[in-house]
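# Reading the structure
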Amino acid sequence: MTNVRIAVAPKRFDQPGSISPDQLRTIVQDSHLNFLIGAGTPSAFFGMLGDIEDALTTIARCEDATDDAKAIARASIQGYFFDKVILPNTELLKPAPNPEANTVLKSYAIFGQTLNRVLLRRRSTLLSKKVNLFTTNIDLVFEVSFERLGVGFNDGFSGKIRPTFDLGSLNSLQYRSGVRYEHLSEIPTFDLYKLHGSVGWELLDDPATTSDIVFDSLLTNVTTTLTALDALRPKLIPIEKREDVDAGKLLAQAANMIRSDKIATFTHAYDRLVIVNPEKQKFATTVLIETYYELIRRFANELEKENSALFVMGFSFRDEHLRKLIVRAARTNPTLQIIVFCYNLTDRAAYEKLIPELDVPNGNILYVTPPPPADDADEDDDVVHFDLDTVVTQYFAPLIPESTRGPDGQIELIFKTDDSGTA
């Protein structure tokens, strides 16, 4: 076991576009807590992508390109998405992940540990000690980091031999009974909703149980897809960076290439992944459609509750369906408070463009932005960005009562390590 100390920086964030500790403490203590985590949160490990959804949609609708060119361009983008977002999950599951994987796992573990301590000391006896974690990410960072940390979380799967997805298992509370007097105490719980599916989900092939999604800890579908992709790579267009995700350029390159028969094998394997694809035609199976809309319904229900709070991190609001749902909830539920932590000022401008102020007459969406750099700042060294670590240490860690923290303003996190001592 290793003790990890995270120092709470002394810098104050009391400029316009911030939220005071007292305001945040009141919200956390007296509200139903929900978090929406997007792809920008673990991007340090998975990498930022270009606008894949628009590129794939443009390719599908292009009338001037041949079917072969479309197939090559589409497979090239899917291969890029697989390499950047799906394949890195295999590293997370290793007994001793590499330093990059450990960094993102530790960030999520600190996030979970901090919220766990806040919930443990929650004043209200009317509200449960529960947090709903909604994420559009398909990775396994939450599952791996929370399991290694040892906090209680519910991802919707029940069963030991072959865990099966069951939405009925979500939204339940956990209690611990005392040995002597059978006194019940509630255990902080995190309900994890994977709105876009997961690389760890697998759809059963048995026709009699086609509605069953099981958890595949071995990532069998990922391995199968990687084998098909590696065989196809020489016949695809290399995409190295987000700027290369350009539908027009890819179609122009693909027009001079010969379509490989191996594309069908890769496409079949890729479509077996139980994820919402980043394109307008999002769903590969009816089961995923049903699961997706049920998860979205759960999300909407939580936002409709009186005195609910939604904290948003790393979410771009470009998902039209979710954006409209959030705006509608903000309009119809004046007791809902939405706090959006913006990575930088540019992100705030983009969010406000997508959600005009007139669309939210209740004024219950607050954009929290980093402080502007000082005039004498040394380039990027003194520029603050609201990544997960900064948001946790600057806003949520100070909510833990002083009696549980050291005099130096630090919090402790016990994080399990392997036998070699590697975190």
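Details of the structure are given in the entry above.
Read on for an overview of the structure.

Thresholds, definitions, all that
Residues numbered from 1 in each chain as written. Predicted model: local features only at pLDDT ≥ 70, side-chain atom pairs only at ≥ 80, totals over all residues. Heavy atoms only, no water. Helix = DSSP H or I, 4+ residues; strand = E, 2+ residues; numbered from the N terminus. Buried < 20%, exposed > 50% of the residue type's maximum accessible area, 1.4 Å probe, protein only. Contact = heavy atoms within 4.5 Å. Areas by Shrake-Rupley, 256 points an atom, 1.4 Å probe, with all protein chains shown as cover. Lys, Arg positive; Asp, Glu negative; His and termini not counted. Salt bridge = Lys/Arg side-chain N within 4 Å of Asp/Glu carboxyl O. Phe/Tyr/Trp six-rings, centres within 6.5 Å; stacked < 30°, edge-to-face > 60°.

Another point: the overall build of the protein. Along the protein, the regular secondary structure elements total 14 helices and 15 strands. Scored against the burial criterion, the 423 residues of the protein give a buried share of 52%. When contacts within the protein are restricted to residue pairs at least 6 apart in sequence, those whose partners lie at least 24 apart make up 78%. Looking at the protein as shown, the accessible area adds up to about 20,800 Å², and 51% of this sits on carbon and sulfur atoms.

Take Arg323: it is sitting in helix H12 (residues 320-332). For Arg323, which is buried and forms no salt bridge, the nearest opposite charge comes from Glu320, at a distance of 4.9 Å. Apart from residues no more than four positions distant in its own chain, Arg323 is found in contact with Phe317, Arg318, Leu354 and Ile355.

Working definition: an aromatic ring pair is given by the centre-to-centre distance plus the angle between the planes. Taken as a whole and assessed by the stated rule, the structure comprises 26 aromatic pairs. Between Tyr292 and Tyr293 the ring centres are 5.1 Å apart and the planes differ by 75 degrees, which places this aromatic pair in the edge-to-face class. Relative accessible area serves as the criterion here: at 2%, Tyr292 is assigned to the buried category. Judged by relative accessible area, Tyr293 falls into the partly exposed class, the value being 43%. With 6.4 Å between their ring centres and 70 degrees between their planes, Phe341 and Phe386 make a pair best called edge-to-face. Of this pair, Phe341 sits in strand E13 (residues 337-341) while Phe386 sits in the loop between strand E14 (365-368) and helix H14 (388-396), placing them 45 residues apart in sequence. Pair check on accessibility: Phe341 and Phe386 agree, each one buried. Taken together through their ring pairs, the aromatic side chains of Phe35, Tyr108, Phe111, Phe142, Phe146, Phe153, Phe190, Phe311, Phe341, Phe386, Tyr395 and Phe396 make up a single cluster.

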